[in-house]
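Okay, here's what each chain looks like letter by letter:
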Amino acid sequence: MARIVQKYGGTSVGDVDRIKNVANRIKAFRDAGNELVVVVSARAGVTNELIARAKAVNPNPSEREMDQLLSIGEQETIALTAMALHGVGVPAVSYTGAQAGIFTDKVHTKAKIKTINAKPLEKDLKAGNVIIVAGFQGIDEAGQITTLGRGGSDLTAIALAAAIKADKCEIYTDVDGVYTADPRVVKDAKKLQEISYDEMLELASLGSKVMQTRSVEFAAKYGVVFEVRSSFNNNPGTIVKSEVAYMEKVVVRGVAVDKDQAKVVVSSIADKPGTAAKVFRALADANINVDMIVQNVGRGGVANLTFTVPQTETSKAQKALAAVLKEVGGEVTVDEKIAKLSVVGVGMRTHSGVAATLFDALAKASVNLELISTSEIKISVVIAKDKADEAARVAHAAFGLENL
Ligand code: ADP
Ligand code: ASP
Ligand code: MG
């Protein structure tokens, strides 16, 4: 008997038949004698639809009300999944995030999990129930509903696996593992048998939405080994863990593309100590994630600052910057027609020439590089959005990833 946490994503519970399919899969695991805690997402598309409706009634909806609204997507699927299980003779109880004891901070729309009180859940497990938990949501100390950021059901699953000391954590989705690139874009992408937390974390944060970034961070911190698998077949998936064999030998393990970023240019600001600090303090205070910062050489006492932010945060960024720019001068322009392309691999720590290979390949494909940033295990470039898919294929081929 094993204690298993499973997570089924939006496509896997996308309609009534798929929910029944999930119920049958859960039943098979339970019939084999396992204890199961199952996290489900909202039906595919529901969260986006709710966001669109919110924006239709108010272009700047309150974040508290947003969480009240978005949490209903998962509340539908937990109840339906429990009912489907009852239909096939499996005792099951559905839990909202709050009922599952998932306590978060109070940062609406991207709350962090602080603690999990697993006592009620443990009691129901002992009583022989399958527990179905709403992904992506929690509750703060004041009893307010919070959500954990897009893709947050992954985090719910991994945090619960740590809290109840599960033997296994399985993330079921619509692809059968983590590939060297998005298999929908790069047709000859290869499935990885294993990947390290470090590489998975970079791929996730650079746009491979197969796993939510924060969930991978959490897994690495608490040593939760998990497997990414498909809910539509029984293929072995990809194991994500701390060390993998042949790690240093393979220089590049994956290509990621993020089309949800925007490039912000703050031009003609005062070129003197403290300006950048003021700009980025204002953005940090507004909880905005800034990346790829470049400052040009100041001329005539003014300078330009360029950086990227998530597209969802551009209006918040503009608002935050407006106040500072009154003080330091300058103006803001935003370009959303960009994408960030990255290559990732732990082997880059010990190999040189990766940047040259990437830039050569992109140049041959006439892809212009607008911004470049590197770290120990990744190289990222900002390019035009309409070239992003082609650039991903070119980069994938340049590192021979189809032969990995
Ligand atoms: P879920 O709703 O199950 O959470 P997501 O849509 O969030 O599923 O994530 C799965 C999707 O991630 C796949 O359909 C795939 O297109 C995309 N994806 C992007 N990069 C990768 C990658 N490197 N490996 C596998 N899938 C990827
Ligand atoms: N339903 C949420 C989203 O679409 C959470 C999730 O699917 O993981 O982002
Ligand atoms: Mg997801």
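The structure we're discussing is the one just above.
Before going into details, it helps to say that this report is about the structure given with it. What you see is a predicted model, and the numbers here were worked out from it, not measured in a lab. (Residues numbered from 1 in each chain as written. Chains lettered and ligands numbered in written order. Predicted model: local features only at pLDDT ≥ 70, side-chain atom pairs only at ≥ 80, totals over all residues. Heavy atoms only, no water.)

**Regarding the site of ligand 1**
Close to ligand 1 lie 16 residues; T173, D174, Y179, D182 and R184 are nearest. Between ligand 1 and Y179, the relevant distance is 2.9 Å, taken from a nitrogen atom to a main-chain nitrogen or oxygen of the residue. A distance of 3.3 Å is found between an oxygen atom of ligand 1 and a backbone nitrogen or oxygen belonging to K209. (Near = heavy atom within 4 Å. Polar contact = N/O pair within 3.5 Å; in protein donor to acceptor, adjacent residues only side chain to side chain.)

**A short note on the sheet that holds strand β17 (residues 331-335)**
With respect to topology, four strands assemble into an open sheet ordered β15-β16-β14-β17, the strand pairing being antiparallel. Looking at which strands have only one partner, the edges of the open sheet turn out to be β15 (291-295) and β17. The average angle at which neighbouring strand axes cross in this sheet is 15°, direction not considered. Relative to β17, strand β14 (residues 261-270) runs antiparallel, the two sharing five bridges. (Pairing = 2+ DSSP bridges. Helix = DSSP H or I, 4+ residues; strand = E, 2+ residues; numbered from the N terminus. Axes fitted to C-alpha atoms, helices over the stretch in contact; angles between N-to-C directions.)

**Considering the packing of helix α10 (residues 354-364) against helix α11 (residues 388-398)**
The interhelical angle for the contact between α10 and α11, taken along N-to-C directions, is 135°, at an axis separation of 9 Å. Between α10 and α11, the interaxial angle falls into the category oblique. Regarding α10 and α11, the two cross each other, and that crossing is right-handed. Across from T357, L358, A361 and L362 in α10, the residues of α11 making contact are A391, V394, A395 and A398. (Parallel < 35°, antiparallel > 145°, perpendicular 65-115°, else oblique. Left-handed = near helix turned anticlockwise from the far one by under 90°. Contact = heavy atoms within 4.5 Å.)

**A word on the pattern of salt bridges**
Pairing between side chains becomes possible if they bear opposite charge and their charged atoms approach one another. Applying the stated criterion to the full structure yields 22 salt bridges. Residue D31 is joined to K27 by a salt bridge in which the shortest nitrogen-to-oxygen separation is 3.2 Å. Here D31 and its partner K27 are both found in helix α1 (residues 16-31), four residues apart, which amounts to about one turn of the helix. Note that K259 and D389 form a salt bridge whose closest N and O atoms lie 2.8 Å from each other. (Salt bridge = Lys/Arg side-chain N within 4 Å of Asp/Glu carboxyl O.)

**Regarding the site of ligand 2**
Taken together, S41, A42, T47, E74, F136, R150, G151, G152 and S153 form the complete shell of residues around ligand 2. G152 places a main-chain nitrogen or oxygen 3.4 Å from an oxygen atom of ligand 2. S153 is positioned such that a nitrogen or oxygen atom in its backbone is 3.0 Å from an oxygen atom of ligand 2. If ligand 2 stood free it would expose 260 Å²; the protein chains cover 86% of that surface. When the residues that make up the shell around ligand 2 are grouped by side-chain class, the tally is two nonpolar, five polar and two charged. (Areas by Shrake-Rupley, 256 points an atom, 1.4 Å probe, with all protein chains shown as cover. Nonpolar A, V, L, I, M, F, W, Y, C, P; charged D, E, K, R; others polar.)

Taken by themselves, the reported measurements are silent on function.
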